[in-house]
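# Understanding the architecture of this molecule
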Amino acid sequence: MNSRVRAVGAGVALLFVALFAQLNYLQVFHAQALDHNPLNTRYVVEEFEQPRGAIISADGATLAQSVPSKDQYKYQRVYPLGALFGQVTGYFSFTYGTDGLEDEYNSLLTKSSTPLQVPTDLSQLKQFFTTQPADDDLHITMLASLQRLAATQLAGRPGAVVALQPKTGAVLAMYSNPSYDPNALASHDQAKVEAAWQQLQKAPGQPLVAAAYRQRFFPGSTFKIVTAAAVLDHRPRLATKYFPYSSGFTLPGTAGQVLHNFAGEACGGEMLQLFTVSCDTGFAQLGLGVGAANLANEALHFGWDQTPPLDLPGVAQSYFPPAASFRYDQAALAKSAIGQESVQATPLTMALDAAAIADGGVIMAPHLMASVTSSQGQVVARYRPKVWLRATTPATAAQMTKLMLSVVDSPDGTGVAARIPGIQVAGKTGTAQTGGPDIETWFVAFAPVPDPQIAVAVLVEDQPPANQYQGGTIAAPIAKAVIEQYLLGRASTGAAHRS
Amino acid sequence: MNAGTVLEAQRQRLSGPQYRHPPRRRSELGMIVLVLVLTGGLYALSSLGRAGSLPANIGPFLGLVFALMLVAHLSLRWLAPQADPVLLPMAALLNGTGYVFIARLDHAQASAQATWTLIGVLAFVATLAVFRHANYLERYRYTVALAGIALLVMPLAPHIGEDINGARLWARLGPVSFQPGEFAKIALAIFFASVLAERADLLATGTRRVGRWLVLEPRYLAPLIVAWGLSLLVLLAENDLGSSFLFFALFVGLLWVATGRWAYLGLGAGLFAAGAVFALDVVHHAQTRVQAWLDPWPHFATTGYQIIEGLFALAGGGMWGLGPGQGNPQVIPEASTDFIFATIGEELGLVGATALLIAYLVIVGSGLRAAVRSHRSFSKLLATGLSLLMGVQVFVVVGGITRLIPLTGITLPFVSYGGSSLVSNYILLAILARISDDNAQELELAATAGTEAGPPQPAATGVVRTWAT
């Protein structure tokens, strides 16, 4: 009988081994999948029971913070500046998760770096056994004042303003219209949150898809910065080649299709002159001369077809077609060289390209995070600037700076509206046809030469296609105002919206 | 000479004032102190983790636990000095851990559980005091069987029975509500063991000739079949599938251990399969349970909710757990009773959950060791049956929570909230302690009194080894 009693023991042991194996499967091997199961709300609930760290702008404005709440959760996330920073902070929503900085720095905002104290009485023992409430604050590089100016300057028109520090990649302002108020999505009232979400989904201009870094637009003539840099890098002799004045250029490989300049003007000359007046016919020929491979390669170096390493989720890539696509379509190459056809850019990429010229050909990784501080004000982590790309050589950057200065300084330049007394501004205008009835106007700039502190890209969408609505008249004054405020610390006197 | 009388005389001599307590009790006391440290630490951590302060009653808590365990320990010194020393500390560990988690989940239940622990320890002492030898249990087998069946039927009786959560498991006598099934399982184990001990040989070989075959005399098996069939019928009427399975495992397991006939295992498996098919067809309760086991995900909002939340809790715990008091057990229904293991897995992790399983294995192993060392068929079968009950019950509960087998609502011994479970398991523990004590006493007698009161079976010589404590 004893052998059978032992067999019973072995049987029970076997059952327990099965339990142990299943526990291993559930608690270790399959645990992550279960944790991330959409039905699993325990961590969401837990997150709502805890405060999150605050998000603070470089000029000290609180952009997001947790305040005690008296409803079903202990804390309510509030965004004091609402829609002004909505597309940057993102939201922290029970139903729709997180976006923006709330998403990117979620782990940091739910952390505490306050060192544990040596306990002096029993009640202080608790710090060793409980999760410390999150009290680390995220400081970002953006200036609330500059952001507010950008919003005021856009004056409700759809568009975007992106301003960067060329030497560090620090984002100073990044605003686009339409924006949204994250407070509506962070509410604890489910019905309200769902209604707000539905409304945002249907809203024109896709407020949840920030125009500044998640949407692409035709760059128009601002792309000539890349074309000109390609000429200087790959076919420098073309830069001094003289192109006769003309108002139209017959595209190669087409049955006499003619490319006309803006408003049918005639233009010509060497590259400096072509760039200054933004001569489409001249730059179409430069594009053909530099070749598809060189142009596509230059675009890649300027950050096209790559995702900028900005510390936000869902950053879009700008698009330049692969060189091979132009093999049997030289007309498309000519149009791409002036930023038409299928070339598309985010305002962020355009600002980075301006920063590349400003910083001697180097594109610093764009970033929002400046530092993290603990509850006692100690800096726990600090951002260190990193190089993202080497777009071009310092020599080419110097040449390009001359071209861009000429756009603003020359009497016949397209960007004269961006002139600031006492400050040398370098810029480039853009006016792109969208295929629809309206046009998009651009201005990208940096200042002050020779020691640039700020690079700006301004986009104003959906302008009626009349002569006065060009990048130089609509977008340039906005860029001017932003540069002026940043460098001189005062609001622009020349309001942009004067049509 | 009657062996029982000799044992009694011997015991009186051994427990006299000149007798030094053997090291088994000393190591037991050491382990109890260790368990006290563990449980007290866990209680403090759990309260710190949840509320950030030490529990207000930590002093009285530790005092009470120590006092209770000391009472149990001293009663073992007095009543069963040679009992296996690991039984009580393991039960104390499980009971203490269970109390900590119940206190963390529900304050009102915690004070009730403390009262039940007190009653459980008293039942432990009483069992040891009343049954001075395991043979006493054998004498009253039909009384025990009747009591067991009466207990089983009790919840079905009008005015006494209560319906809770779709199962009719509860009986109310005056102010006290309890689950008679928890006690019935011990009664049935005693009955099965005594009948099988007597008739093992008759059941092992057929004696009646039918054609070319020798088959069993049905009348030898009749009492067993009747008791078992009645218990299953009652349990199906009460919708308690977990206990049905438990009884079935007990019955088939003991039958096989007693007779060594594989046919019983085969027959048992066949009967079980048939019973399962029948239950699936007829009992709606069983259908939903199996459905929620096979694929709980589509039924998240309804029948699958509890098991899915249990899985989420276990997964959240991971290897090391979230820490005592830091989990989210409030989302799991019945977190303090049927699903307490999920909360333990969440807060103590795989490590803590495994430690708990090992504690059960130690009790089961100790029970089976007593069975192996016993020279009496009855004690051997009883110890085997009780150990099997404990092991299978833990498997059914934990297997259900971890989705290894369909979920059935039975309690985790010593850990779950519930008085009946706690008291009955302390009685079970006392019986195992009693059997292990008997064995040691007999061995000592064999050593001191020579052949006079020696074990009846020659197998005993093979059992004389050094005692591993």
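Structure's up top.
Residues numbered from 1 in each chain as written. Chains lettered and ligands numbered in written order. Predicted model: local features only at pLDDT ≥ 70, side-chain atom pairs only at ≥ 80, totals over all residues. Heavy atoms only, no water.

## Considering the overall build of chain A
The helix and strand inventory of chain A stands at 18 helices and 19 strands. Counting across all 499 residues of chain A, residues that qualify as buried make up 54%. Restricting to contacts in chain A with at least 6 residues of sequence separation, those with at least 24 account for 68%. Of the roughly 19900 Å² of accessible surface on chain A, a fraction of 55% belongs to carbon and sulfur atoms. (Helix = DSSP H or I, 4+ residues; strand = E, 2+ residues; numbered from the N terminus. Buried < 20%, exposed > 50% of the residue type's maximum accessible area, 1.4 Å probe, protein only. Contact = heavy atoms within 4.5 Å. Areas by Shrake-Rupley, 256 points an atom, 1.4 Å probe, with all protein chains shown as cover.)

## Things to note about helix α15 (residues 377-401) of chain B
Residue and element names in this part refer to chain B. Compared with an ideal rise of 1.5 Å per residue, which puts 25 residues at 36 Å, α15 spans 36 Å between its outermost C-alpha atoms and is within 8% of the ideal. With 24 of 25 residues buried, α15 is to be regarded as a mostly interior element. Just beyond α15, the residue with positive phi is Arg-403, at close to 65 degrees. (Expected span 1.5 Å × (residues − 1).)

## A closer look at the packing of helix α1 (residues 2-29) of chain A against α15(B)
Where α1(A) meets α15(B), the axes come as close as 10 Å, and the angle between the chain directions of the two elements is 10 degrees. On the basis of the axis angle, α1(A) is roughly parallel to α15(B). Between α1(A), through A:Asn2, A:Val5, A:Val8, A:Val12, A:Leu15, A:Phe16 and A:Leu19, and α15(B), the contact on the second element is made entirely by B:Lys380, B:Thr384, B:Leu388, B:Gly391, B:Val394, B:Phe395, B:Val398 and B:Gly399. Looking at the contact of α1(A) with α15(B), its residues break down into 10 nonpolar, four polar and one charged. (Axes fitted to C-alpha atoms, helices over the stretch in contact; angles between N-to-C directions. Parallel < 35°, antiparallel > 145°, perpendicular 65-115°, else oblique. Nonpolar A, V, L, I, M, F, W, Y, C, P; charged D, E, K, R; others polar.)

## Remarks on the state of the cysteines
Residues and elements named next belong to chain A. Evaluated as defined, the whole model comprises one disulfide over all chains. Bridging Cys-267 to Cys-279, the disulfide has an S-S length of 2.0 Å. Between Cys-267 and Cys-279 the disulfide shows an S-S torsion of about 75 degrees. By sign, it is right-handed. Taken together, the positions of Cys-267 in strand β12 (residues 267-269) and Cys-279 in the loop between α12 (271-277) and α13 (280-290) put the pair 12 residues apart, joining distant regions of the chain. Note on accessibility: Cys-267 and Cys-279 belong to one class, buried. (Disulfide = S-S within 2.5 Å.)

## As for a nonpolar patch on the surface
A cluster of nonpolar side chains, namely A:Tyr25, A:Val28, A:Phe29, B:Met319, B:Trp320 and B:Val351, defines an oily patch on the protein surface of about 660 Å² accessible area. It is α1(A) that contributes the most residues to the nonpolar patch, three residues altogether. Following the sequence through the fold, B:Val351 ends up in helix α14 (residues 340-373). (Patch = residues over 30% accessible without salt bridge, like charges linked within 9 Å, V, L, I, M, F, W, Y side chains within 5 Å. Salt bridge = Lys/Arg side-chain N within 4 Å of Asp/Glu carboxyl O.)

## Topic: the interface of chain B and chain A
Contact with chain B, which involves 54 residues of that partner, is made by 36 residues of chain A. Where chain B abuts chain A, roughly 4000 Å² becomes buried across the two surfaces, and 73% of that area is made up of carbon and sulfur atoms. Three residues, B:Phe312, B:Leu350 and B:Phe395, lead the burial of chain B against chain A; their summed loss comes to 14% of the area buried on that side. There are zero salt bridges connecting chain B and chain A. On inspection of chain B and its partner chain A, the count reaches eight residue pairs in polar contact (both at pLDDT 80 or more). If you list the elements that add at least two residues to the side of chain B that touches chain A, you get α2 (23-51), α10 (241-259), α13 (305-317), α14 and α15 of chain B. Residues belonging to the side of chain B that touches chain A are distributed by class as follows: 32 nonpolar, 17 polar and five charged. (Buried area = accessible area lost by both parts, 1.4 Å probe. Polar contact = N/O pair within 3.5 Å; in protein donor to acceptor, adjacent residues only side chain to side chain.)

## Some remarks on the sheet that holds strand β14 (residues 369-373) of chain A
The mixed open sheet is built from six strands, whose spatial order is β3-β2-β1-β6-β14-β15 (chain A). At either margin of the open sheet sits one strand with a lone partner, and together these are β3 (75-78) and β15 (379-382) of chain A. (Pairing = 2+ DSSP bridges.)

## Notes on the pairing of β3(A)
Residue and element names in this part refer to chain A. In this sheet, β3 lies alongside strand β2 (residues 62-68) in antiparallel orientation, the contact comprising four bridges. Paired with Pro-68 across the strands is Tyr-75, a residue of β3. Linking β2 to β3, which pair antiparallel, is a turn of six residues.

## A closer look at the packing of aromatic side chains
The final tally for this structure, using the stated rule, is 17 aromatic pairs over all chains. With 6.2 Å between their ring centres and 65 degrees between their planes, A:Tyr91 and A:Tyr180 make a pair best called edge-to-face. One end of the pair, A:Tyr91, is in the loop between α4 (86-89) and β4 (92-93); the other, A:Tyr180, is in the loop between β8 (171-177) and α8 (183-186), with 89 residues separating them in the sequence. On the basis of relative accessibility, which here comes to 5%, the residue A:Tyr91 falls in the buried class. Residue class for A:Tyr180 comes out buried when judged on its relative accessible area of 4%. On the numbers, 5.7 Å between centres and 65 degrees between planes, the contact of B:Tyr142 with B:Phe191 is edge-to-face. One end of the pair, B:Tyr142, is in helix α7 (residues 141-153); the other, B:Phe191, is in helix α8 (residues 180-204), with 49 residues separating them in the sequence. (Phe/Tyr/Trp six-rings, centres within 6.5 Å; stacked < 30°, edge-to-face > 60°.)

## Considering the pairing of β14(A)
All names here are of chain A. In terms of burial, β14 is largely enclosed, as four of its five residues are buried. Across four bridges, strand β6 (residues 137-140) lies against β14 in antiparallel orientation. Across the sheet, the residue bridging to Leu-138 is Val-372, located in β14. Pairing of β14 with β15 involves three bridges; the strand directions are antiparallel. Its bridge partner lying in β15, Ser-371 is registered against Arg-382.

## Here's the deal with the sheet that holds strand β7 (residues 159-164) of chain A
All names here are of chain A. Taken in spatial order, the five strands of this open sheet run β8-β7-β19-β18-β17, and their pairing is antiparallel. Strands with a single pairing partner mark the edges of an open sheet, and in this sheet they are β8 and β17 (426-433). On average, each strand axis in the sheet is tilted by 5 degrees relative to the strand beside it, whichever way the strands run. The sheet contact formed by strand β18 (residues 439-447) and strand β19 (residues 454-463) spans eight bridges and is antiparallel. If you follow Ala-445 over to β19, its bridge partner there is Val-456. Against the sheet, helix α16 (residues 347-358) makes contact with β7, β18 and β19, and its axis sits at roughly 30 degrees relative to β18, the strand it touches most. Sheet strands touched by helix α18 (residues 471-488): β7, β8, β17, β18 and β19. Its angle to β19, the strand with the most contacts, is close to 145 degrees.

## Some points on the nonpolar core
With 135 residues, the main nonpolar core has A:Leu138, A:Met174 and A:Trp304 as its most contacted residues. For this core, the element with the highest residue contribution is α16(A), accounting for nine residues. Sequence-distant contacts of A:Met174, that is, excluding residues within four places in its chain, are made with A:Val88, A:Met142, A:Gln147, A:Val161, A:Val162, A:Ala212, A:Tyr213, A:Leu310 and A:Leu312. Core analysis: the second largest hydrophobic core is formed by 127 residues, A:Val5, B:Ala92, B:Ala249 and B:Ala258 among them. (Core = buried A, V, L, I, M, F, W, Y, C linked by side-chain atoms within 4.5 Å.)

## Notes on the packing of helix α11 (residues 224-234) of chain A against helix α14 (residues 292-301) of chain A
All names here are of chain A. At a minimum axis separation of 9 Å, α11 and α14 run at an interaxial angle of 115 degrees. One finds that α11 runs roughly perpendicular with respect to α14. Every pair of crossing elements has a handedness; the one defined by α11 and α14 is right-handed. Residues Val-226, Thr-227, Ala-229, Ala-230, Asp-233 and His-234 of α11 form the contact with α14, whose own contacting residues are Asn-294, Leu-295, Asn-297, Glu-298 and Ala-299. Of the residues assigned to the contact of α11 with α14, the class counts are five nonpolar, four polar and two charged. (Left-handed = near helix turned anticlockwise from the far one by under 90°.)

## Examining the pattern of salt bridges
Residue and element names in this part refer to chain A. Counted according to the given criterion, the structure contains 14 salt bridges over all chains. Two residues, Arg-52 and Glu-102, come together in a salt bridge whose shortest N-O distance is 2.9 Å. One end of the pair, Arg-52, is in the loop between α3 (42-49) and β1 (55-56); the other, Glu-102, is in helix α5 (residues 100-104), and 50 residues separate them in sequence. For the pair shown, Arg-52 and Glu-102 are each scored as buried. The residue Lys-167 makes a salt bridge to Asp-451 at a minimum N-O spacing of 2.6 Å. With Lys-167 in the loop between β7 and β8 and Asp-451 in the loop between β18 and β19, this residue pair connects regions lying 284 residues apart in the sequence. A network of salt bridges, in which partner residues are shared, links Arg-52, Arg-77 and Glu-102.

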